Amino acid sequence: MPRTTASRRRLYRLLDVAPTPAAMLDALDLEQLTAYHADVHDPSEFLGMPALRVTFGIDKDEASWCDELVQLTEEDVRERERRTGALLMIAVDSAVYAVGYDQGFRLLPAHLKDQSFGLSVAIRTIDPQHVRDFTANQLGAARTDISIVPGGTSVPALGLRAHSRIVRSLGGYLDSSDLTGSAESSGRPGRAMTVEGGVGLHLKLGATPDTLIADIRTIAALLENTDPHPDLAFVEHIKPVTAPALRKTLDEQLETILGQPTVDSICSAVPTEQIDDYIHAGTYSIKIGDCSPFSTDTFAPDYLLTRARIIKPGQRIEALRRGTVALYSRERASAVDHLSTTSALKWIEAQVSLGSRRFCFLDGAWYEFGATYLRALRETVAPLFPADPSLHLPAWQYSLDVNKKGKTVRRPIREATYNKQAAKNRPGWVCLDQKNVNNPLKATNAVEICDLLTPDNTLVLVKKAHDSAPLSHLCYQARVAVELLQQNPSVRAQFARQVRIQSDGSRTLPEDFTPRRVVFAILLKVGEKLTPGTLFPFSLITLAQTAQALNAHGVQVEVVGIEAALTPAAIGLGETNRPERRNSPHPSSAPRAEAATTTSPPRNSPSSQPPRIARNSRSVGAIPSVTRVGNTPNQV
């Protein structure tokens, strides 16, 4: 059988451990090593680096479930149980790392581990279009979110980017890598290398001294010289409070709260590193101060807070920090059943206010609510405005008009007219403006799905906007349309029928059609270029929320600007279909209309533009370049 070149292991980077075998041993829990009957060996000479190897195997004559099965079946059952593990600690270029084998990672005390190591590697190596799983905390919600997509999906589809969400772990397919395991997987369909990063890093590592050391150096260099992927950089933006004076003030507030009899602002939370063990735990052993451990089959926050309450003021936080919560897989809570132990302080979540500022204590650290809100908002919206849009819509024509004060102004042609012309100018596009479907929630209402449908079945929603209100309506329309198409068969069938009718039978959609992409096509005020910076502030918030909601439904969102054609076109851009005559030398060549009157612009006048048919005109006056056609009304 050929020797393994790479195998999937857990890698940790350790803090405050000197690069010597003696220091490595001192950093471990000697009582735990004794309980596990661990063997310690120094392989430094063989590896060519300072190293320490720890192995253990715990035997149990009878598995914990045997007695219960005998009681249920009246037959004697005796099965042995054995638990094994190993830990290899190795110093590479003065930094100390640890590789866990089987249960060996449990030998590492939590305070030794670099808490950001694995996640920092993940956001630099994972392809953001193929994220497989994540774990995240929602600030102030006492909630841990876990999502798994075996085949991988994009960051927007997971809804990961949120200003109040702290990503704790991330897994996915490697974008590219020089690691040993990546080379082994290359060229094999369906066997792309995966990595999971949280506190530690779970990935394929070299199984020989040279390849293992080379992989560790590759990872270290990547952290040192590579920036996070732009689509994953947001993970590092939410950081704990570091200002010493502010942390001291917040700790004092928490000390006070811990001494109060009823505490609504404190609840229990599962430490990030114990989430996996929490799922499998059968017994929780809580030890605070000098009291004997308290064991229960579910975590008991009331006991923890009661113990904290009776401790002297000024010592409560430290007592919880030194206190422990140990998890065991069985009720008997023996050494063979031990899963993990961490500080009791990490099992509480608290909220504190300082004036108008709000803070959350989570996983042993303080975070400020809203500290990254504006940055997260901009980073959510920015990718929606690609430098090279996927769609290029026709320019939006403007026409000359006379306002209520008798002044000549430029006005954009009506939205309905623009949509019809856009569909005519783009082969395969279908105009569905005002081609509604029935609202399944109310028979007397109708819902417009989109304005235009492209050949690849992208829903295009068009809007001219001089303030945030039309854009808010546009975002709301998109969310309603997508949700109805995804959830209601009648709406899907009606929409497919409208597409067939409006395209004169040239386009057909399956009756089970659901959208995969939505494009917001926007004409901004006076033809201003559309960017996140020029969009109305309120609309930025609405757009970010809409994009996150649609992404969660598996729908991509893009925003494109529509250029303004400020010079009126010759034909087909007004509200009528009459051809327009430019620079007519004879009055008889003007369009036929009741009481038509034409005036000539003064020389070198900025208003000397080709004549247009004015709409909603209230008076003729001496208006340059305007042809008034009777009293024919036409709304703009």
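Residues numbered from 1 in each chain as written. Predicted model: local features only at pLDDT ≥ 70, side-chain atom pairs only at ≥ 80, totals over all residues. Heavy atoms only, no water.

Caption draft 1: Focus on the overall build of the chain. Helices and strands together make up the secondary structure of the chain, namely 17 helices and 31 strands. A total of 636 residues make up the chain; the buried ones form 48% of that total. A sequence separation of at least 24 residues applies to 66% of the contacts in the chain between residues at least 6 apart. Element-wise, carbon and sulfur atoms account for 50% of the exposed surface of the chain, whose accessible area totals about 32400 Å². (Helix = DSSP H or I, 4+ residues; strand = E, 2+ residues; numbered from the N terminus. Buried < 20%, exposed > 50% of the residue type's maximum accessible area, 1.4 Å probe, protein only. Contact = heavy atoms within 4.5 Å. Areas by Shrake-Rupley, 256 points an atom, 1.4 Å probe, with all protein chains shown as cover.)

Caption draft 2: Spotlight on the packing of helix 15 (residues 468-487) against helix 17 (residues 537-552). Where helix 15 meets helix 17, the axes come as close as 9 Å, and the angle between the chain directions of the two elements is 10°. With respect to each other, helix 15 and helix 17 are oriented roughly parallel. Judged by residue contacts, Ser-468, Leu-471, Ser-472, Cys-475, Ala-478, Arg-479 and Val-482 of helix 15 engage Phe-538, Ser-539, Thr-542, Leu-543, Gln-545, Thr-546, Ala-549 and Leu-550 from helix 17. Residue classes in the contact of helix 15 with helix 17 are distributed as eight nonpolar, six polar and one charged. (Axes fitted to C-alpha atoms, helices over the stretch in contact; angles between N-to-C directions. Parallel < 35°, antiparallel > 145°, perpendicular 65-115°, else oblique. Nonpolar A, V, L, I, M, F, W, Y, C, P; charged D, E, K, R; others polar.)

Caption draft 3: Looking closely at the sheet that holds strand 17 (residues 357-362). The strand order across the open sheet built from four strands is 11-16-17-18, with neighbouring strands paired in antiparallel fashion. Every interior strand has two partners, whereas the edge strands, strand 11 (266-268) and strand 18 (365-368), have only one. This sheet shows a mean twist of 25° between the axes of neighbouring strands, independent of strand direction. Pairing analysis gives five bridges linking strand 16 (residues 348-354) to strand 17, with the strands arranged antiparallel. (Pairing = 2+ DSSP bridges.)

Caption draft 4: The packing of aromatic side chains, seen in detail. Using the criterion set out here, one finds 11 aromatic pairs in the structure. Ring centres 6.3 Å apart and planes at 85° place the aromatic pair Tyr-284 and Trp-347 in the edge-to-face group. You can see Tyr-284 sitting in strand 12 (residues 283-287) and its partner Trp-347 sitting in the loop between strand 15 (338-343) and strand 16, a full 63 residues away along the chain. For the pair Tyr-284 and Trp-347, a shared accessibility class is recorded, and that class is buried. Note on Phe-294 and Tyr-303: the rings are 4.3 Å apart at their centroids and 20° apart in plane angle, and the pair reads as stacked. Following the ring pairs from residue to residue traces out a cluster consisting of Tyr-278, Tyr-284, Phe-299 and Trp-347. The ring centre of Phe-105 lies 4.4 Å from the NZ or CZ of Arg-10, which sits over that ring. We note Arg-132 situated over the ring of Tyr-173; from NZ or CZ to the ring centre the distance is 5.5 Å. (Phe/Tyr/Trp six-rings, centres within 6.5 Å; stacked < 30°, edge-to-face > 60°. Lys NZ or Arg CZ within 6 Å of the ring centre and 35° of its normal.)

Caption draft 5: Examining the pattern of salt bridges more closely. Tallying each qualifying case throughout the model produces 14 salt bridges. The partner of Arg-82 in a salt bridge is Asp-59, and the shortest N-O contact between them spans 2.8 Å. On the criterion of sequence distance, the pair formed by Arg-82 in strand 4 (residues 81-92) and Asp-59 in strand 3 (residues 51-60) is long-range, its members being 23 residues apart. Taking relative accessible area as the criterion, Arg-82 reaches 52% and is therefore assigned exposed. Accessibility expressed as a relative area gives 45% for Asp-59, which makes it partly exposed. For Lys-113, the salt bridge is made with Glu-273, and the minimal N-O distance between the two is 2.4 Å. Remark: Glu-273 occurs in the loop between strand 11 and helix 10 (275-280) and Lys-113 occurs in the loop between strand 5 (95-102) and helix 5 (117-125); sequence separation between them is 160 residues. Overall, Lys-113 belongs to the buried group, its relative accessible area being 6%. Relative accessible area serves as the criterion here: at 27%, Glu-273 is assigned to the partly exposed category. Beyond isolated ion pairs, a larger network of salt bridges with shared partners links Glu-318, Arg-321 and Arg-322. (Salt bridge = Lys/Arg side-chain N within 4 Å of Asp/Glu carboxyl O.)

Everything listed here is a matter of coordinates, which is why it stays silent on function.
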